[in-house]
Amino acid sequence: MSQKSNLKTNPDACPLASKCGGCQLQNMTYPRQLKWKQARVEILLREFGRPGRIIGMDNPLHYRNKVQAAFGRTRAGKIISGVYQSGTHRIVNVDSCMTEDETADRIIVDIRNMLPGFRIWVYDEDKRTGWLRHVLVKRGFSSGEVMVVLVAASGRFPMKKKFVSKLLEMHPEITTLILNINAKDTNLVLGDREEVLYGKGYIVDTLCGLEFAVSAKSFYQINPVQCEKLYAKAVEYASLTPDSVVIDAYCGIGTIGLAAAKYAGTVIGAELNPDAVKDAVSNAKRNNIKNARFYCADAGDFMEQMAAAGETADAVFMDPPRSGSSRKFLSSLIKMKPGRVVYISCNPETQARDLRILIKGGYKVEKITPVDMFPFTNHVETVVLITRVRAIIRTN
Ligand code: SAH
């Protein structure tokens, strides 16, 4: 093989690639994927300066700590479990995946193999018959705790005790097992009701030296190894001092703000999802962090109220969803005049749009670092440091 093609072609390419479609870059070696992502950020954020070198993984395989498998049958009646083919509701049978945690994959395959012996029927989305819909596994990479969630169409589980003891015997690493009931005709995986079959109903994991409790429903970063590097870069960019006032906007379960709390005076988090806010508050308590508080609000409304009340902050972390931030958020931020803004984004296109608004409002882009959060996929994450340069405020 020539050197050039060797660089392009991944000898370990996934056999399911053409059916699954989840790993758009899986035909490239990892160094090549990083080059591809670096070039993409350089193009999309070119007007703001040259990005630093992308932070990649030392070992990019099996990085996902959360694996979700849909269960179904082939036309011939064979039970299958895995991912939906990109853009369809057809299940691609997966035994192992190069992005997924290997323990999780083994548990899912063993559950699939156990079903006939326990006369468990898999759910049929069209006929709305059968029982088992999905299996979700979350593993704490640093704690080793493992949660398995069986998502079923009803709470009736005839051979429950036997099933639970057989599964635990095969996988003693499972620390909690949950039955989640989802009787609805919906694309959402999890239903509202759950029954804890074994263990405490959640796992605890350590991230950035802090403990986080993760339940079936709570949001948790799926690549903890890269997440720690991303947050470390964000905290470095914020240049905090013991009396800094810091806003963590779009804070989720509070991970960035809590990681920054020990370097700052006060941390104020804002997040729309009430469950995530509850998790943020209890995560602060769990880690005995007393200088962080969290509000359930639209980040734009929250910033507007802060600005109207004459409040200010030294640094603002913002980590909005793919659609980017809102005009209201950005114009209130400009009014509040924080010295440093650290903008984390999973979509450089909306980030570029928002950065243009901040620049008009008196800010300049200082540093850009891409981080590879999702190897083998075409997703890119960037962390950008923006600092205030002048007093003139123009928000249009
Ligand atoms: N900073 C967190 C979460 C980032 S994901 C972390 O690193 O884990 C983006 C978050 O923005 C999600 O938790 C989502 O619920 C929240 N969100 C979406 N729209 C929002 C809005 N308008 N106001 C506040 N939060 C919002």
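Scroll up for the structure.
All values reported here derive from a predicted model rather than from experimental measurement.

Of the regular secondary structure elements, the chain holds 11 helices and 16 strands. Taking 396 residues into account, the globule formula puts the C-alpha radius of gyration at 21 Å, and the chain, at 23 Å, falls close to it. Along the first, second and third principal axes, the C-alpha set of the chain runs to 70 × 55 × 35 Å. Expressed as a percentage of the 396 residues in the chain, the buried residues total 52%. Partitioning the intrachain contacts of the chain with sequence separation of at least 6 by distance along the chain shows that 67% fall at a separation of at least 24. Carbon and sulfur atoms make up 51% of the accessible area of the chain, which totals about 18800 Å².

Next up on the list: the environment of Leu207. Within the fold, Leu207 resides in strand E8 (residues 203-207). For the pair Leu207 and Cys227, spaced 20 residues apart in sequence, the C-alpha separation works out to 8.3 Å. For Leu207, the contacting residues outside a window of four places in its chain are Phe212, Tyr220, Pro224, Cys227, Glu228, Tyr231 and Thr255.

For the rest of this paragraph, the subject is the sheet that holds strand E14 (residues 340-345). Strand order in this open sheet of 7 strands is E12-E11-E10-E13-E14-E16-E15, and the pairing throughout is mixed. Where the open sheet ends on each side, the last strands, each with one partner, are strand E12 (292-296) and strand E15 (363-371). Strand after strand, the sheet turns through a mean of 15° between neighbouring axes, direction not considered. Where E15 and strand E16 (residues 381-388) come together, 8 bridges link them in antiparallel fashion. Residue pairing in the sheet places Val371 in a bridge with Glu381 of E16. Along the sheet face, helix H8 (residues 274-286) touches strand E11 (266-271) and E12 and points at about 170° away from the line of E12.

Mapping Val341 onto the fold places it in strand E14. The exposure class assigned to Val341 is buried, which follows from its relative accessible area of 0%. With 23 residues separating them along the chain, Val341 and Met318 place their C-alpha atoms 7.5 Å apart.

This paragraph deals with the side chain of Gln226. As for its placement among the helices and strands, Gln226 is situated in helix H6 (residues 224-238). Owing to a relative accessible area of 0%, Gln226 belongs among the buried residues under this scheme. Looking at Gln226, its side chain comes within polar contact range of the main-chain oxygen of Ile55, at 3.2 Å. At a separation of 2.9 Å, a polar atom in the side chain of Gln226 contacts the side chain of Lys229. Excluding residues within four positions of it along the chain, Gln226 makes contact with Ile55, Gly56, Met57, Val371, Asp372 and Met373.

Okay, the pairing of E16 next. Side chains on a regular strand alternate between the two faces of the sheet. Within E16, 7 of the 8 residues are buried, which leaves it mostly tucked inside the rest of the structure. Where E14 meets E16, 6 bridges bridge the pair, whose relative direction is antiparallel. Of the residues in E16, the one forming a bridge with Tyr343 is Val384.

What counts and how
- Residues numbered from 1 in each chain as written.
- Predicted model: local features only at pLDDT ≥ 70, side-chain atom pairs only at ≥ 80, totals over all residues.
- Heavy atoms only, no water.
- Helix = DSSP H or I, 4+ residues; strand = E, 2+ residues; numbered from the N terminus.
- Rg over C-alpha atoms; globule rule 2.2 N^0.38 Å.
- Buried < 20%, exposed > 50% of the residue type's maximum accessible area, 1.4 Å probe, protein only.
- Contact = heavy atoms within 4.5 Å.
- Areas by Shrake-Rupley, 256 points an atom, 1.4 Å probe, with all protein chains shown as cover.
- Pairing = 2+ DSSP bridges.
- Axes fitted to C-alpha atoms, helices over the stretch in contact; angles between N-to-C directions.
- Polar contact = N/O pair within 3.5 Å; in protein donor to acceptor, adjacent residues only side chain to side chain.

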